[in-house]
Amino acid sequence: MKKYYLILPEKPSSLLEKMIEKTTKDIDYSILTDYETLPDLKNARLIFAIELPITGVSNNLNIFFQKLFQRGYDSLLGSEGIVLIHSRYQHFTKTEAQSIILKSNLLGCRFPGRPMVEATGNLDNFIPLIKVYNLSLEEVCLFLCEELGKRFVQDEIKRIENPKILVLHSSNRKYSNTLTLWDMVKENLNGIDITEINIQNGTIVDCIGCPYKTCKHYGEQTKCFYGGVVVTEVYPAILETDSLVFICPNYNDMITANLVAVINRLTALFRKVKFYDKTLFSIIVSGHSGGDALAKQLISSLNINKTFRLPPYFALMAVANDKGAINKVSNIEEIAKKFALNIKHEIKS
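Caption draft 1: Just the overall build of the protein, in detail. Along its length, the protein carries 11 helices and 10 strands. Its C-alpha radius of gyration of 20 Å places the protein within 12% of the 20 Å reference for a compact globule of 349 residues. With the C-alpha coordinates of the protein rotated into their principal frame, the extents come out at 55 × 50 × 40 Å. If you take every contact in the protein between residues at least 6 apart in sequence, the share linking residues at least 24 apart comes to 84%.

Caption draft 2: Layout of the environment of L61. Here L61 lies in helix α2 (residues 59–71). Residues L61 and E10, spaced 51 residues apart in sequence, show a C-alpha to C-alpha distance of 8.1 Å. In contact with L61, other than residues within four places in its own chain, are I7, P9, F48, I50, E96 and I100.

Caption draft 3: Representation of the sheet that holds strand β10 (residues 315–319) within the structure. One open sheet accounts for 5 strands, arranged β7-β6-β8-β9-β10; its pairing is parallel. Strand pairing shows two members of the sheet lacking a second neighbour, β7 (193–198) and β10, which therefore form its edges. Going from strand to strand, the sheet's axes swing by 15° on average, the running direction of each strand aside. In this sheet, strand β8 (residues 243–249) lies alongside strand β6 (residues 164–169) in parallel orientation, the contact comprising 4 bridges.

Caption draft 4: Quick peek at the pairing of β8. Most of β8 sits inside the fold, with 7 of its 7 residues counted as buried. Burial along β8 is two-sided: S243, V245, I247 and P249 and L244, F246 and C248, pointing in opposite directions, are all buried. Direction of pairing for β8 relative to strand β9 (residues 279–286): parallel, over a ladder of 7 bridges. Looking at β9, one finds that P249 is bridged to V285. For the crossover from β8 across helix α9 (residues 257–272) to β9, the handedness is right-handed.

Caption draft 5: Seen up close, the packing of helix α3 (residues 93–106) against helix α10 (residues 291–305). Remark: α3 packs on α10, axes separated minimally by 9 Å, with the N-to-C direction vectors making an angle of 105°. Looking at the two axes, α3 sits roughly perpendicular to α10. Here α3 contributes K94, Q98, S99, I101 and L102 to the contact with α10, which in turn contributes D292, A295, K296, I299, S300, N303, I304 and N305. Considered class by class, the residues forming the contact of α3 with α10 number 5 nonpolar, 5 polar and 3 charged.

Caption draft 6: Main features of the environment of F225. With respect to the helices, strands and loops of the structure, F225 is situated in the loop between α7 (212–219) and α8 (229–240). Overall, the relative accessible area of 47% leaves F225 in the partly exposed class. Separated by 10 residues in sequence, F225 and C215 place their C-alpha atoms 7.4 Å apart. Those residues in contact with F225 that sit more than four places away from it in its chain are C210 and Y218.

Caption draft 7: Up close: the packing of α9 against α10. Relative orientation of the contacting elements α9 and α10 amounts to 5°, with a least axis distance of 12 Å. When the axes of α9 and α10 are compared, the pair comes out roughly parallel. Two secondary-structure elements touch here, α9 through I263, L266 and F270 and α10 through L298, S301, L302 and N305. Looking at side-chain class alone, the contact of α9 with α10 contains 5 nonpolar, 2 polar and no charged residues.

Caption draft 8: How the structure looks around the pairing of strand β2 (residues 29–32). For strand β1 (residues 3–7) and β2, the ladder comprises 4 bridges, and the chain directions are parallel. Across the sheet, I7 pairs through a bridge with L32, a residue of β2. Chirality of the crossover, the property in question, places the unit of β1, helix α1 (residues 14–23) and β2 among those that are right-handed.

Caption draft 9: Up close: a nonpolar patch on the surface. Together, V132, Y133 and F143 make up a nonpolar patch on the protein surface, roughly 270 Å² of accessible area in all. For V132, a relative accessible area of 56% translates into the label exposed.

Caption draft 10: Summary view of the nonpolar core. Core analysis: the largest hydrophobic core is formed by 65 residues, its most contacted members being F48, F64, V83, L168, F246, L298 and F314. Leaving out residues up to four positions away in the same chain, F64 has contacts with I7, Y35, L38, L41 and F48. Among the nonpolar cores identified, the runner-up in size contains 26 residues, and I192, I326, I332 and A336 belong to it.

Caption draft 11: Structural detail: the side chain of E118. Assignment of secondary structure puts E118 in strand β5 (residues 116–119). On the basis of relative accessible area, E118 is assigned to the buried category, the value being 13%. In contact with E118, not counting residues within four places along its chain, are I85, T93, K94, N125 and F126.

Caption draft 12: Local environment of the pattern of salt bridges. Evaluation of the coordinates by the stated rule reveals 19 salt bridges. Between E138 and K18 there is a salt bridge, with its nearest N and O atoms 3.0 Å apart. Of this pair, E138 sits in helix α5 (residues 137–154) while K18 sits in helix α1, and the two are 120 residues apart along the sequence. In this structure E138 comes out as partly exposed when scored by relative accessible area, which is 31%.

Caption draft 13: Region of interest: α8. With 12 residues, α8 extends 16 Å from end C-alpha to end C-alpha; this agrees with the ideal 16 Å at 1.5 Å per step. Restricting attention to buried positions, one finds in α8 the residues V229, V230, V231, V234, Y235, A237 and I238. Where the residues of α8 are buried, they touch β6, β7 and α9.

Conventions used here
- Residues numbered from 1 in each chain as written.
- Predicted model: local features only at pLDDT ≥ 70, side-chain atom pairs only at ≥ 80, totals over all residues.
- Heavy atoms only, no water.
- Helix = DSSP H or I, 4+ residues; strand = E, 2+ residues; numbered from the N terminus.
- Rg over C-alpha atoms; globule rule 2.2 N^0.38 Å.
- Contact = heavy atoms within 4.5 Å.
- Pairing = 2+ DSSP bridges.
- Axes fitted to C-alpha atoms, helices over the stretch in contact; angles between N-to-C directions.
- Buried < 20%, exposed > 50% of the residue type's maximum accessible area, 1.4 Å probe, protein only.
- Right-handed = clockwise from strand over helix to strand, strands pointing away.
- Parallel < 35°, antiparallel > 145°, perpendicular 65-115°, else oblique.
- Nonpolar A, V, L, I, M, F, W, Y, C, P; charged D, E, K, R; others polar.
- Patch = residues over 30% accessible without salt bridge, like charges linked within 9 Å, V, L, I, M, F, W, Y side chains within 5 Å.
- Areas by Shrake-Rupley, 256 points an atom, 1.4 Å probe, with all protein chains shown as cover.
- Salt bridge = Lys/Arg side-chain N within 4 Å of Asp/Glu carboxyl O.
- Core = buried A, V, L, I, M, F, W, Y, C linked by side-chain atoms within 4.5 Å.
- Expected span 1.5 Å × (residues − 1).

Given below as structure tokens:
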């Protein structure tokens with residue numbers, strides 16, 4: 001049985017103490033506060049409970065990750081994590097959670113879908129949920145913490161045999177280093193059912209924020225008001241797949257507009273079905289740097305918000321600028337093979 005650890009780098013506020021209590025009501029755990037002498041955290045279950053200062057940076061949490069990175073990129077291998085985060089101020093809770101999840105993931109930690117409860121200074125991030133739960137803002141917060149704790153305890157996953165993979169991209173194979181890298185990965189995925197959809201320019205309209213009832217009405221019919229390739233191809237493919245792979249060239253440290261539109265348009269389908277049983281991967285190629293910026297965007301939009309499961313080492317990130325430069329990256333074919341093996345092993349439900 002895996003051991004539970006509470007990572008508590010700063011003195012918690014009274015609200016964070018309540019959040020911890022609700023999340024861990026059925027959990028026997030040890031508290032980690034001394035980051036100079038960390039125990040072995042492989043094959044553990046980690047509950048990050050973060051009280052953010054006004055700067056949005058916990059120095060003690062930074063020390064925690066420094067120690068783990070010094071141990072190696074397998075220092076959290078086999079572990080699973082969730083995040084509780086509170087600030088007396090209005091900013092940085094979501095971005096700090098993204099950072100925690102990405103750093104942990106780079107060290108081998110997996111995360112279930114929707115692995116975080118955040119509480120901003122005046123709790124106004126819970127306002128949309130008051131009508132859903134008929135509770136006060138603080139009660140909504142604590143209810144979500146209790147629900148997260150239960151899901152975390154009950155999250156027993158196993159590998160899917162003969163998985164289906166859906167690959168989404170909006171690139172031109174003739175020029176794209178990112179697609180070339182995907183092709184290297186795909187060469188090592190023989191025997192797996194793979195569907196690729198190219199979201200071409202002119203085939204997709206972005207979400208413009210229909211009223212909730214309108215969005216839900218179309219979503220219940222597995223449709224969206226704006227139709228098009230998202231409804232005819234993407235929705236059915238997502239419902240059928242076990243794993244979603246986003247192919248993301250880095251343009252201005254952002255995911256390409258067509259793929260952002262796909263993510264936004266998933267909201268209608270999300271009204272009908274959640275994606276806790278589907279695994280997220282990505283291939284990100286940057287001309288200079290910034291792959292981690294895109295990885296955080298995917299974590300926030302698809303893992304935190306849309307409930308896709310995040311496996312360890314979910315993103316393959318590389319740097320290649322000129323056409324064909326990806327082929328010159330040192331050991332790139334071996335890196336691609338290793339990522340393919342990770343995909344095979346980590347498509348779980």
